[in-house]
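Here is what each chain is made of, one letter per residue.
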Amino acid sequence: MRTVGIIGLGLIGGSMAIDLKRRGFAQKVLGVERDSIAAEAAKTIGLVDEVVNYDACIQGADILVVAVPVSAAVKMVPDILDRMSPEQIVIDVCSTKSQVCHATQYHPRRGRFVSTHPMAGTEYSGPWAAQPGLFDGRACIFANSEESSPEALKAIEEMYGVLNMRPIYMNADQHDVHTAYVSHISHVTSFALALTVLDKEKDEKHIFDLASGGFSSTVRLAKSSADMWVPILTQNHDNILQVMDTYIGKMQAFRDAIATYDEDSIREMIDQANRIKKILR
């Protein structure tokens, strides 16, 4: 029975805390949260057994989960590796992998670090957003797993197995390219669409009265936290810019076809887009 320390009690960290304790992987869960209101909420709603400070968490946990924005994780993971014992394990759950893996690559305790990205979440943040079963059936990326010790990797594979996640192994740089396409561009698009509609809504007060489920699902990601997404978009900017350029090109093609009443081109692009149904059901 292990003690798990979770640094950052938001959606991901809080949801992990719930299921790791309920499903018997962790005997005790320690939590670290710098926001005093969020820390009190996490304790009150029972996400963790105890809220402690950063140093106490490192001293008291067998497995340390770094669930903070990636800009902070790049500095925090090496610091934890400096402080922890050779028997402890530290993981991160960040949405970009290259910088945190590069920051730890030559650390003498690199083998005790397992870099992961559980591909799950919602548009909400904070301990109030945590929910049981968030990870069930989803994929978990293990980045540069060959740099982790077999013992540490096995323990974290077991942990994600308890969360009912399926493992996928890939290079950290490849991960960041793929997530730029399947996750990061979706958020940028949603932010941009929300801004576009909000600009229009200044003049037309009833625009949201007409909003349907399609609009709500499209802009759902625009509710996501800036604290989380600013570091992601800046750290993965090279990949995201390439995807944005492609996206802008597709938008321009649609605009040109619509502007010229080119129904054949519009239909062809929609038919091509419909092929996504064979991949996403």
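Just above sits the structure.
Residues numbered from 1 in each chain as written. Predicted model: local features only at pLDDT ≥ 70, side-chain atom pairs only at ≥ 80, totals over all residues. Heavy atoms only, no water.

## Quick notes on the overall build of the chain
Working step 1: Per the secondary structure count, the chain includes 11 helices and eight strands.
Working step 2: Across the 281 residues in the chain, those meeting the buried criterion constitute 44%.
Working step 3: As displayed, the chain offers around 15,200 Å² of accessible surface, 54% of which is attributable to carbon and sulfur atoms.
Working step 4: Looking at charge distribution, the chain has the averaged site of its 28 positive side-chain charges lying 4 Å from that of its 35 negative ones. (Helix = DSSP H or I, 4+ residues; strand = E, 2+ residues; numbered from the N terminus. Buried < 20%, exposed > 50% of the residue type's maximum accessible area, 1.4 Å probe, protein only. Areas by Shrake-Rupley, 256 points an atom, 1.4 Å probe, with all protein chains shown as cover. Lys, Arg positive; Asp, Glu negative; His and termini not counted. Charge placed at Lys NZ, Arg CZ, Asp CG, Glu CD.)

## Some thoughts on the side chain of Asn144
Working step 1: Along the chain, the position of Asn144 falls in the loop between strand 7 (139-143) and helix 6 (150-162).
Working step 2: Those residues in contact with Asn144 that lie beyond four places of it in its chain are Cys101, Arg110, Met170, Asn171 and Ala172. (Contact = heavy atoms within 4.5 Å.)

## Digging into unusual backbone geometry
Working step 1: Positive phi, close to 60°, is recorded for Asn164, a residue that is not glycine.
Working step 2: Checked against the element boundaries, Asn164 lands in the loop between helix 6 and strand 8 (166-170).
Working step 3: On the basis of relative accessibility, which here comes to 43%, the residue Asn164 falls in the partly exposed class.
Working step 4: One non-glycine residue, Tyr261, lies in the positive phi region at around 55°.
Working step 5: Position of Tyr261 among the secondary structure elements: in the loop between helix 10 (237-259) and helix 11 (263-273).

## What about helix 7 (residues 172-201)?
Working step 1: Here helix 7 contains 30 residues, and its C-alpha end-to-end distance of 41 Å stays within 8% of the 44 Å for a straight helix at 1.5 Å per residue.
Working step 2: At Ala180, helix 7 shows its largest bend, some 55°.
Working step 3: Of the residues that open helix 7, the one with a side-chain oxygen 2.8 Å from the backbone nitrogen of Asp173 is Asn171. (Expected span 1.5 Å × (residues − 1). Bend = angle between axes of the 7 residues up to and from the residue. Polar contact = N/O pair within 3.5 Å; in protein donor to acceptor, adjacent residues only side chain to side chain.)

## A look at the side chain of Thr179
Working step 1: Position of Thr179 among the secondary structure elements: in helix 7.
Working step 2: You can call Thr179 buried: its relative accessible area is 3%.
Working step 3: If near-sequence neighbours (up to four positions away) are discounted, Thr179 is found in contact with Ser95, His117, Met119, His184 and Asn236.

## A look at the pattern of salt bridges
Working step 1: Tallying each qualifying case throughout the model produces 11 salt bridges.
Working step 2: Residues Glu50 and Lys28 are paired through a salt bridge, measuring 3.4 Å at the closest nitrogen-oxygen approach. Within this pair, whereas Glu50 is found in strand 3 (residues 50-51), its partner Lys28 is found in strand 2 (residues 26-32), the two being separated by 22 residues in sequence.
Working step 3: A relative accessible area of 34% means that Glu50 is categorised as partly exposed.
Working step 4: Where Glu147 meets Arg110, a salt bridge forms, and the shortest distance between an N and an O atom there is 3.1 Å. Placement of Glu147 in the loop between strand 7 and helix 6 and of Arg110 in the loop between helix 5 (98-104) and strand 6 (113-118) is noted, with a sequence separation of 37 residues between them.
Working step 5: The exposure class of Glu147 is partly exposed, given its relative accessible area of 24%.
Working step 6: A network of salt bridges, in which partner residues are shared, links Asp19, Arg23 and Asp136. (Salt bridge = Lys/Arg side-chain N within 4 Å of Asp/Glu carboxyl O.)

## Things to note about a negative patch on the surface
Working step 1: There is a patch of like negative charges on the surface, built from Glu263, Asp264, Glu268 and Asp271.
Working step 2: Mapped onto the elements of the fold, Glu263 is located in helix 11.
Working step 3: Classification of Glu263 by relative accessible area gives exposed; the value is 62%. (Patch = residues over 30% accessible without salt bridge, like charges linked within 9 Å, V, L, I, M, F, W, Y side chains within 5 Å.)

## Thoughts on helix 2 (residues 36-44)
Working step 1: Where helix 2 is concerned, the buried positions are Ala38, Ala39, Ala41 and Ala42. Along the axis of helix 2, the buried positions cluster into a sector of 165°, meaning they face one direction only. Helix 2 presents Ser36, Ile37, Glu40 and Thr44 as exposed residues on the side facing more than 90 degrees away from its buried surface.
Working step 2: Tucked inside the fold, the buried residues of helix 2 contact strand 3.
Working step 3: The backbone nitrogen of Ile37 has a side-chain oxygen 3.0 Å away, supplied by the residue at the start of helix 2, namely Asp35.
Working step 4: Taken from the residues just after helix 2, Gly46 is the one with a positive phi, measuring 85°. (Arc of directions from axis to C-beta.)

## Brief notes about the sheet that holds strand 8
The strands making up a sheet are joined through hydrogen bonds of the backbone, oriented either antiparallel or parallel.
Working step 1: A sheet is described by the order of its strands in space; here eight strands give the open sequence 3-2-1-4-5-6-7-8, paired in mixed fashion. Both outer strands of the open sheet, strand 3 and strand 8, are each paired with one neighbouring strand and no more.
Working step 2: Sheet strands in contact with helix 4 (residues 70-83) are strand 1 (2-7), strand 4 (63-66), strand 5 (89-92) and strand 6, and its direction is about 165° off that of strand 4. (Pairing = 2+ DSSP bridges. Axes fitted to C-alpha atoms, helices over the stretch in contact; angles between N-to-C directions.)

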